[in-house]
Amino acid sequence: MKKLAVLVSGGGSNLQSIIDSTKNGILKNIAEVVVVISNNPSAYGLERAKKENIKAVALDYKNMDKQDYDDKMYNLIKESGADIICLAGYLKKISDKIVKEYKSKILNIHPALLPKFGGKGMYGHFVHEAVVKAKETKSGPTVHYVDENYDTGSIILQKEVPVYETDSPEDVAKRVLVQEHIVFPQAIKKVIENLK
C-alpha cells in the first residue's frame, strides 16, 4: 500500500477524487492518503481531509518565512512516510530539496494540454481564458512529474476534451475538471505500478 501526501491550495475537488478512488475506485488497496497539507489555512481541501479522518495541516504561507515554510513542508512529508506527493490544485512552487529527494514521485495536475498553456502564472481560470482566446479546438488535463520548473516535468497522462467556438472559459473549465477527476487517480496508479 503506497502512502500519498496531497498538497492543496483551494477547494480540493481533485483531492476528493483521489480519496474516493482509494476507497472504492482504481486506487483501492494500493494507495492511501496519509496527510493533506495546504499553504492556505482556509482551503476547503483541509475540511475534506478532516471529514475523512486524514491528517490535515495548514502552513500559512503568507505569514511565514519561505525557508521555514519549506522546512516544515519537508518535515511533514517525511514524517507522514509518503511514497508519492500529489499536487492537487497546489499553487506554490515545491522546494528543490523536496523535488530532488522525491524525484519521479511528485505528480501535478494541470488544466491544459502541456506543453501548451503552462508556466508561471498559468493556473485555474487564467489557463482556460488563454485556451479560449487562442481559439483552441481542444484542451484537457495533464498529469506530469514535478521538476524544478513550473509545468515542465515529463507527462504521465493527458485527456483531451473538445473546445467549441461558443465556449466561455467557464465552459472549458467544467469540461476539463470532469476529466481531471478521472485522470489523476489513473496517473497515480500508473506511477505506483512503475515503482514496483
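Predicted model only: the values in this text are computed from it and were never measured.

Draft legend 1. Inspection of the pattern of salt bridges at higher detail. Under the defined criterion, the tally for this structure stands at nine salt bridges. Across the salt bridge formed by lysine 78 and glutamate 101, the nearest N and O atoms sit 2.5 Å from each other. In this pair, lysine 78 sits in helix α3 (residues 66–80) while glutamate 101 sits in helix α4 (residues 96–101), placing the two residues 23 residues apart along the sequence. The partner of lysine 138 in a salt bridge is glutamate 160, and the shortest N-O contact between them spans 3.5 Å. Separated by 22 residues along the polypeptide, lysine 138 in strand β6 (residues 138–139) and glutamate 160 in the loop between β8 (155–158) and β9 (161–162) bring together distant segments of the chain.

Draft legend 2. Just the nonpolar core, in detail. Among the nonpolar cores identified, the biggest contains 27 residues, and Val33, Val36, Leu107, Phe184 and Ile188 are the most heavily contacted of them. Elements with a minimum of two residues in this core: β1 (2–8), α1 (13–24), β2 (31–38), α2 (44–51), β4 (84–87), β5 (106–110), β7 (142–145) and α6 (169–195). For this core, the leading source of residues is α6, giving six residues. For valine 33, the contacting residues outside a window of four places in its chain are Leu4, Val6, Leu15, Ile18, Ile19 and Ile54.

Rules used throughout
Position numbers for residues count from 1 along each chain, tracking the sequence in the order it is written. Per-residue local features are limited, in this predicted model, to residues with pLDDT of at least 70; the limit for side-chain atom pairs, both in listing and counting, is 80 or more; totals at the level of whole chains, interfaces and linings are taken over all residues. For the side-chain quantities, the full set of heavy atoms in the structure was used; hydrogens and water were omitted. We count a salt bridge whenever a side-chain nitrogen from Lys or Arg sits within 4 Å of a carboxyl oxygen from Asp or Glu. Only DSSP runs of H or I reaching four residues or more are called helices, and only runs of E reaching two or more are called strands; each is numbered from the N terminus. Nonpolar cores were defined as sets of buried Ala, Val, Leu, Ile, Met, Phe, Trp, Tyr and Cys residues, with membership established by side-chain atoms within 4.5 Å. Under the scheme applied here, a residue whose accessible area is under 20% of the maximum for its type counts as buried, over 50% as exposed, and between as partly exposed, the area being computed with a 1.4 Å probe on protein chains only. Contacts were defined at the residue level, with two residues in contact if any of their heavy atoms lie within 4.5 Å.

These figures come from the coordinates and say nothing about function on their own.
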